[in-house]
Amino acid sequence: MTKDDLPDDSSSEDEYDLDDLLGDDPAFRRRDRDIAATVRLGLTIKRLRKRRGLNGLQFAAQLGVSEAHVSRWESGSTYELSMRDLSNIARVLNVDMWDILRIAFSARS
């Protein structure tokens, strides 16, 4: 290894482009879309819950799950949201399950 092979000290180690590192790997892009979808759905559920005047504990009690479970759904930190869960959430929020999905994924706000 010669001196020319070493990184230039004038550049920061933090200066890199994530896209250059990941490239166009479809698996990473798909994962990113899945994460974004989970977060959008969680935020929609949280917004609808608050409009109904329910706090996390009340909502969890009506669903028969823990408050931590609701928190994970709403933050998008879990993929564990089944159609049965979504149906129960819709029932408690007094909205159609498909409306929750429509709100989460049709508007880009």
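Being a predicted model, the structure only gives us computed values, none of them experimental. (Residues numbered from 1 in each chain as written. Predicted model: local features only at pLDDT ≥ 70, side-chain atom pairs only at ≥ 80, totals over all residues. Heavy atoms only, no water.)

Engineer: Break down the packing of helix α5 (residues 83–93) against helix α6 (residues 97–106) for me, citing the residues and quoting the values.
Structural biologist: One way to put it is that α5 packs onto α6 with a least axis distance of 8 Å and a crossing angle of 100°. On the basis of the axis angle, α5 is roughly perpendicular to α6. Residue-level contacts link Met 83, Leu 86, Ser 87, Ile 89 and Ala 90 of α5 to Met 97, Trp 98, Ile 100 and Leu 101 of α6. Split by residue class, the contact of α5 with α6 holds 8 nonpolar, 1 polar and no charged. (Axes fitted to C-alpha atoms, helices over the stretch in contact; angles between N-to-C directions. Helix = DSSP H or I, 4+ residues; strand = E, 2+ residues; numbered from the N terminus. Parallel < 35°, antiparallel > 145°, perpendicular 65-115°, else oblique. Contact = heavy atoms within 4.5 Å. Nonpolar A, V, L, I, M, F, W, Y, C, P; charged D, E, K, R; others polar.)

Engineer: Could you give an account of α5, naming the residues involved and the relevant values?
Structural biologist: Structural remark: α-helix, 3.6 residues per turn; residues separated by three or four positions point the same way. Those residues of α5 not exposed but buried are Asp 85, Leu 86, Ile 89, Ala 90, Val 92 and Leu 93. Along α5, the residues classed as buried sweep out an arc of 165° about the axis, all on the same side. Of the residues in α5, the exposed ones pointing more than 90 degrees away from the buried face are Arg 84 and Arg 91. Asn 94 occupies a position one or two residues after α5 and carries a positive phi of about 60°. (Buried < 20%, exposed > 50% of the residue type's maximum accessible area, 1.4 Å probe, protein only. Arc of directions from axis to C-beta.)

Engineer: Lay out the pattern of salt bridges with the relevant residues and their values.
Structural biologist: Evaluation of the coordinates by the stated rule reveals 2 salt bridges. A salt bridge links Asp 99 to Arg 102, with the shortest nitrogen-to-oxygen separation between them at 2.5 Å. Residue Asp 99 and its partner Arg 102 are located together in helix α6, separated by 3 residues, close to a single helical turn. Looking at Arg 102, the relative accessible area reads 49%, which means it is partly exposed. (Salt bridge = Lys/Arg side-chain N within 4 Å of Asp/Glu carboxyl O.)

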